[in-house]
Amino acid sequence: MIKKILISQPKPASEKSPYFDIEKDFNVKCDFHPFFKVEGLTAKEFRQQKINILDYTAVVFTSRHAIDNYFKLAKEMRITIPEDMKYFCVIENIALYIQKYVQYRKRKVFFGETGKLAGLIPLMLKHKTEKFLLPMSNVHHDDVCKSLDEKKLVYKECMMYRTVSNDFTEEEKEKFDYDMLLFFSPTGVKALKKNFPDFSQGNIKIGTFGTSTAQTVTDEGFRLDMQAPTSEHPSMSGALKAYLKGNKK
């Protein structure tokens, strides 16, 4: 019987989150604890890469973290971003997030439909005379660069933030008594082993979002009990709801 679920993400800011509905509908308790957190590089650390932000006429954003840290570093280094800077975002909601820092209507903002860099490349090719800056984390796939190299786009990859383990306190470790764990990234799965080296899965169910996260679960020697997205359940909350329904029967 599943009564207590650990969701490895920050607690939703909105009370309308589907996870709160799941708590009521299935009489379960959902705890939220990200297994990792994102830290921005300092201006001093960034300068060690010998990259001048103003050498580039366009920026490619793959996440909100990239946007936050790009503008934070520019501010720290007292760099004024030109009015004609172009922004290429992997998906619309990331493009809209730029409004936090600049007036959207005054900028040239482009976004893909797939949420992946591959979906953005056709737009970048229409602006192939631009010099693209690609802010990244310390954890990313090399296939991003391969795709850009194949299209002969002029770009520079740089690290602006890093992913680090969000360790549990000793008190939290003692209270670690969950019936189900939900992971959203390979980093989260690896952080479980870091925090609990002697972790034994037993009857604890493990659910994942994304194929690479699912693969990491099996690579680490754990049993995968629930996977999202699927054609029927594109969200983690939808997949969880269906799993709990099946479990109830």
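Structural data are supplied above this passage.
Since the model is a prediction, treat every value here as computed from it, not as a measurement.

*Asks:* Go over the environment of E15, please, and point to the residues and values.
*Replies:* Inspection of the secondary structure assignment puts E15 in the loop between β1 (4-7) and α1 (18-26). Using a relative accessible area of 76% as the deciding quantity, one classes E15 as exposed. The spacing of E15 and D219 is 204 residues in sequence and 36 Å in space, taken between C-alpha atoms.

*Asks:* Now, about the nonpolar core: what can you tell me, with residues and values included?
*Replies:* For soluble globular proteins, nonpolar side chains are generally found buried alongside one another. Core analysis: the largest hydrophobic core is formed by 44 residues, its most contacted members being I53, F61, Y70, I81, Y87 and M160. For this core, the leading source of residues is helix α3 (residues 64-76), giving 6 residues. Setting aside chain neighbours within four positions, we find Y70 in contact with I53, V59, F61, I81, M85, Y87, L133 and M160.

*Asks:* Account for the sheet that holds strand β8 (residues 155-165), naming residues and giving values.
*Replies:* With mixed pairing, the 6 strands of this open sheet are ordered in space as β3-β8-β7-β4-β5-β6. Edge strands, defined here as strands with exactly one partner in the open sheet, are β3 (36-40) and β6 (108-111). Each strand axis lies, on average, 25° off the axis of its neighbour in the sheet, ignoring direction. Across 5 bridges, the pairing between β3 and β8 is antiparallel. Its bridge partner being in β8, V38 is matched across the sheet by T163.

*Asks:* Explain the packing of aromatic side chains to me, and be specific about the residues and the numbers.
*Replies:* Within the structure shown, the criterion is met by 18 aromatic pairs. Residues F61 and Y87 carry aromatic rings whose centres are separated by 5.9 Å and whose planes lie at 15° to one another, so their mutual orientation is stacked. On the criterion of sequence distance, the pair formed by F61 in strand β4 (residues 58-61) and Y87 in strand β5 (residues 86-89) is long-range, its members being 26 residues apart. Of the residues examined, Y87 reaches a relative accessible area of 0% and is grouped as buried. By the ring-pair criterion, three or more aromatic residues cluster together here, those being F35, F168, F176, Y178, F183 and F196. Here the guanidinium or amino end of K4 rests over the ring plane of Y178, the centre of that ring lying 4.9 Å away.

Calculation notes
Residues numbered from 1 in each chain as written. Predicted model: local features only at pLDDT ≥ 70, side-chain atom pairs only at ≥ 80, totals over all residues. Heavy atoms only, no water. Helix = DSSP H or I, 4+ residues; strand = E, 2+ residues; numbered from the N terminus. Buried < 20%, exposed > 50% of the residue type's maximum accessible area, 1.4 Å probe, protein only. Core = buried A, V, L, I, M, F, W, Y, C linked by side-chain atoms within 4.5 Å. Contact = heavy atoms within 4.5 Å. Pairing = 2+ DSSP bridges. Axes fitted to C-alpha atoms, helices over the stretch in contact; angles between N-to-C directions. Phe/Tyr/Trp six-rings, centres within 6.5 Å; stacked < 30°, edge-to-face > 60°. Lys NZ or Arg CZ within 6 Å of the ring centre and 35° of its normal.

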